[in-house]
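Structural description and commentary
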Protein chains: 2
Amino acid sequence: MAEFFNVLPPAEALGRLLARLPPAASVGAESCCAWDALGRVAAADIVAPESLPAFARSTMDGYSVRAADTFGATDGLPAWFEVVGEVPMGMAAGVSLGVGEAAIAHTGGMLAGNADAVVMVEQTQRVDDRTIEVMRPVAPGENVAQPGEDVGAGEVVLPAGHVIRAQDIGALAAVGIGKVLVARRPRVAILAMGDEVVHPQQRPGAAQVRDVNSYTVAAQVASAGGAPVRLGLVGDDYEMQLAAARDGLARSDMLVLSAGSSVSVRDRTVDIVAELGEPGVLAHGLSLRPGKPAIVGLCDGKPAIGLPGNPVSAMVVCDLLVRPAVYRLAGCLVPPAASETTAILGQDVPSAPGREDFVPVALRPAEGGDGGGNYPIAQPVWGKSGLIFTLVRADGLLHVPADSSGIYAGESVRVQRF
Amino acid sequence: MAEFFNVLPPAEALGRLLARLPPAASVGAESCCAWDALGRVAAADIVAPESLPAFARSTMDGYSVRAADTFGATDGLPAWFEVVGEVPMGMAAGVSLGVGEAAIAHTGGMLAGNADAVVMVEQTQRVDDRTIEVMRPVAPGENVAQPGEDVGAGEVVLPAGHVIRAQDIGALAAVGIGKVLVARRPRVAILAMGDEVVHPQQRPGAAQVRDVNSYTVAAQVASAGGAPVRLGLVGDDYEMQLAAARDGLARSDMLVLSAGSSVSVRDRTVDIVAELGEPGVLAHGLSLRPGKPAIVGLCDGKPAIGLPGNPVSAMVVCDLLVRPAVYRLAGCLVPPAASETTAILGQDVPSAPGREDFVPVALRPAEGGDGGGNYPIAQPVWGKSGLIFTLVRADGLLHVPADSSGIYAGESVRVQRF
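Note that the structure is predicted; figures quoted are calculated from it, not measured.

Cut-offs used in this document
Residues numbered from 1 in each chain as written. Chains lettered and ligands numbered in written order. Predicted model: local features only at pLDDT ≥ 70, side-chain atom pairs only at ≥ 80, totals over all residues. Heavy atoms only, no water. Pairing = 2+ DSSP bridges. Helix = DSSP H or I, 4+ residues; strand = E, 2+ residues; numbered from the N terminus. Axes fitted to C-alpha atoms, helices over the stretch in contact; angles between N-to-C directions. Contact = heavy atoms within 4.5 Å. Salt bridge = Lys/Arg side-chain N within 4 Å of Asp/Glu carboxyl O. Polar contact = N/O pair within 3.5 Å; in protein donor to acceptor, adjacent residues only side chain to side chain. Nonpolar A, V, L, I, M, F, W, Y, C, P; charged D, E, K, R; others polar. Least-squares fit on C-alpha atoms with pLDDT ≥ 70 in both. Buried < 20%, exposed > 50% of the residue type's maximum accessible area, 1.4 Å probe, protein only. Phe/Tyr/Trp six-rings, centres within 6.5 Å; stacked < 30°, edge-to-face > 60°. Domains from an automatic or database assignment.

1. Considering the sheet that holds strand S13 (residues 187-193) of chain A
Within a beta sheet, neighbouring strands are joined by backbone hydrogen bonds and run either parallel or antiparallel to one another. Residues and elements named next belong to chain A. Sheet architecture is open: 6 strands sit in the order S16-S13-S17-S21-S20-S18, paired in mixed fashion. Strands with a single pairing partner mark the edges of an open sheet, and in this sheet they are strand S16 (227-234) and strand S18 (279-284). Each strand of the sheet is rotated relative to its neighbour by a mean of 20 degrees, with strand direction disregarded. Helix H3 (residues 213-223) contacts S13, S16, strand S17 (254-258) and strand S21 (302-307) of the sheet and is inclined by roughly 170 degrees relative to S16.

The structure is reproduced here in structure tokens:
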């Protein structure tokens, strides 16, 4: 019985792969409308062409004043101001302040000429149409956003490798950047292999199953900002598998092979990865459950990952290896963190030390008085190897680290949500 | 000075809105290729048309046997089996077992005729070409996935309202479902108002600013599975604002108004929401910082949300109110949980009881010996009201609940990631 030759912890296998990839985007860049850039990776530093705010801006509703005129003001001895005008929203100040003068200011509006602070309306009292009392002194600059305080011209707004979020798009709009250079979406070729696998819309023969992994992997690749290229299915003929993999990799930036988990099939995946380019196989097996029969390789600069056939294993390995590799190909060194939640474990989870375990769990709201505060209960969803619905019934994965021999019911755990 | 009239906690404002919306998708359904359904909401229960597995399947590499023949086997007294054949992957069993007979089985393959269990290859010893020793008994069904064990024909695979994930797509593929009925993407009309606001690609005049909120909100709506419809800008003319809002709402399922935060502007938003339909305004102000000047309404069955002009407030309110409303319009009662992480607070955060606070925080890896395990440090990013780059420099929001008067540095907190 052939054994695994080069079993590595998942993080080390990933590290070996990433260490051989260039830190910058290796997939090239393309121009993208800034408003459509959500989730894309900046391909170069994006620099603010101008300062923001462009003018001293009130951050409150109230009155712009010369701060010195408010010094010493108290409830008992308020400072009196003559209201000499108003600076309407979106208008340059048409009024300038002398000693003891104030002008109505709106949140986001410009200050009156000579004003250096804003008194909040809540700190004032109307005396008559043209007069207010100010009950509290303001310091120079108080309730004012200074020019360039948000961002300075020439400052890096978003660094190369940054994954663009909703607020980043807003910030680009704020400084007038309508187009950004982003990494091309890494193309990930996905090949499913095996005589037993048929297309989902075909009726399987006896002992056949439909292709699952091509579709979960494609969705995971798309979630990571990649462009999945499903190559389809090829039966158990080594030369045909090799040709399909070679052709797919030539058209893509990365290759994912999904095959069965039996030893002979794994060996064939190893041979394909070894044959497609240098240095070939980096890890043959991971100290991981599920997911041990994974293969990690690099073929002439392009990552090649062999997934176990078991769909649960395939998803776990895809998450641990394919996802960060897709981000790295786009030049992102630190992928967005997976969504996680703290939960209370509902049942003992045994584990073998020296191996990382990922256990599918369903989350349900805690009942009152469980001692877990408002943390949900994480209930393991056990299922035999190869059952895809185990993951459908789960809300996330519980990670049992390699140095743990298990986790007891009632312990607080971190669950990575799907 | 006009005050807020109907200030509610954000959850209560949301509850009042959602209570008036139908639980099922109100936006109608459309057919979608299952492979493209990531993030879409199932519009009806999706039922498995067949059972999975369709055949008793080995979950291990080894030998299919009649379990009874292994009873009593030990290392010292192994059971002997004659290997009478092999069931290749994807092939119906061409061999049937008699007493003391075994057939080679592959992970995912069919069992031989008469076999009811699989012995793992690791529990066997080859004696010669046709003979193996089995060192451990197996129970009937051991290492076998039974027909229907993954999912039964007629079982609900994904309930109506479920947001489709990568593994769900795999599960649909597994049972041969290539098309699904999903909720149409809720159309959310977004209108920015104010004389001071210009299009991002225009050069602002003195005291003007570029439109930010239309773009952050559009990205947030898209993230929630909605279809943003940016209506553009309209100046401070009530009749024009009303007409633009009415027209936008007629073409959409929901309306988001972004205006300044000054009192007069808020009043105008209230008037628009009141005029567009019944019951009109549900909450005028939220016990929330930032985000107090928000308006929540319902106009003849369509949600209408008024956002504060401050981009930080707008994002927080959008996340708390617009996002769940978009999911609800699509028939999803429990939106996917926001991404969160546990962190150690790096600095005291004061807060007023009775008000929920959301504080932007940057996350940085903990240094050794900080007592926080491997939790990151959450450092508040303070910034004056209205500074969009506060959020660009932050990695998430720290939620300070209404019953808290602040959180001390060193406490463990949950941070909602962007």
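Now that the structure has been shown, the text picks up again.
2. Some words on the sheet that holds strand S21 (residues 302-307) of chain B
Residue and element names in this part refer to chain B. Overall, mixed pairing links the 6 strands, which are arranged S16-S13-S17-S21-S20-S18 in an open sheet. Edge positions in the open sheet fall to strand S16 (227-234) and strand S18 (279-284), since each of these has one partner strand only. Between one strand and the next, the sheet's axes are offset by a mean angle of 20 degrees, whatever the strand orientation. Note: strand S17 (residues 254-258) against S21, 4 bridges, orientation parallel. Counted as the bridge partner of Leu257 is Gly306 from S21.

3. Quick notes on the interface of chain A and chain B
If you look at the interface, chain A gives 83 residues, while chain B gives 83 residues. Remark: the boundary between chain A and chain B carries 8 salt bridges. Linking Arg203 of chain B and Glu50 of chain A is a salt bridge whose minimum nitrogen-to-oxygen distance equals 3.7 Å. The interface formed by chain A and chain B holds 28 residue pairs in polar contact (both at pLDDT 80 or more) in total. Elements that contribute at least two residues to the side of chain A that touches chain B include exactly strand S10 (144-145), strand S11 (156-158), helix H2 (166-174), strand S15 (209-210), H3, strand S22 (340-345), helix H7 (389-392) and strand S28 (412-417) of chain A. Examining the composition of the side of chain A that touches chain B, we find that 8 residues originate from one element, H2 of chain A, more than from any other. When the residues that make up the side of chain A that touches chain B are grouped by side-chain class, the tally is 40 nonpolar, 23 polar and 20 charged.

4. Points about the relation of the copies chain A and chain B
Its rotation angle being 180 degrees, the transformation that places chain A on chain B also includes 0.0 Å of axial translation and leaves an RMSD of 0.1 Å. What the rotation and shift describe, once combined, is the action of a two-fold rotation axis. Among all C-alpha atoms of chain A, that of Ser339 of chain A lies closest to the rotation axis, at 2.0 Å.

5. Digging into the side chain of Asp253 of chain B
All names here are of chain B. Along the chain, the position of Asp253 falls in the loop between helix H4 (238-250) and S17. A distance of 2.7 Å separates the side chain of Asp253 from the backbone nitrogen of Arg187, its partner in a polar contact. When residues no more than four places from it in sequence are discounted, the contact partners of Asp253 are Val27, Arg184, Arg185, Pro186, Arg187, Lys302, Pro303 and Leu329.

6. Let's talk about the pattern of salt bridges
Side chains that differ in sign of charge can pair as their charged atoms come close. Residue and element names in this part refer to chain A. Counting across every chain of the model gives 32 salt bridges over all chains. In this structure, the salt-bridge partner of Asp357 is Arg355, at a minimum N-O distance of 2.8 Å. Given a relative accessible area of 2%, Asp357 falls into the buried group.

7. Observations concerning the pairing of strand S6 (residues 101-105) of chain A
Residues and elements named next belong to chain A. Most of S6 is tucked away, with 4 of its 5 residues classed as buried. The pairing of strand S4 (residues 62-65) with S6 spans 3 bridges and is classified as antiparallel. Considered in S6, the bridge of Gly62 is made with Ala105. As paired strands, strand S5 (residues 79-86) and S6 are joined by 4 bridges and run parallel to one another.

8. A few points about the packing of aromatic side chains
Each aromatic ring pair is summarised here by two numbers: the centre-to-centre distance and the angle between the ring planes. Enumeration according to the criterion identifies 2 aromatic pairs over all chains in this entry. Look at Trp35 of chain A and Tyr215 of chain B: their rings are 4.4 Å apart centre to centre, the planes differ by 45 degrees, and that puts the pair in the tilted class. One end of the pair, Trp35 of chain A, is in the loop between strand S1 (29-33) and strand S2 (46-47); the other, Tyr215 of chain B, is in helix H3 (residues 213-223), on a second chain. Just as Trp35 of chain A is buried, Tyr215 of chain B falls in that class too.

9. Structural notes on the domain arrangement of chain A
Partitioning chain A into domains gives domain 1 (10-27 + 187-329), domain 2 (29-49 + 159-183), domain 3 (57-145) and domain 4 (340-417). Here domain 1 of chain A and domain 3 of chain A have C-alpha centroids that lie 66 Å from each other.

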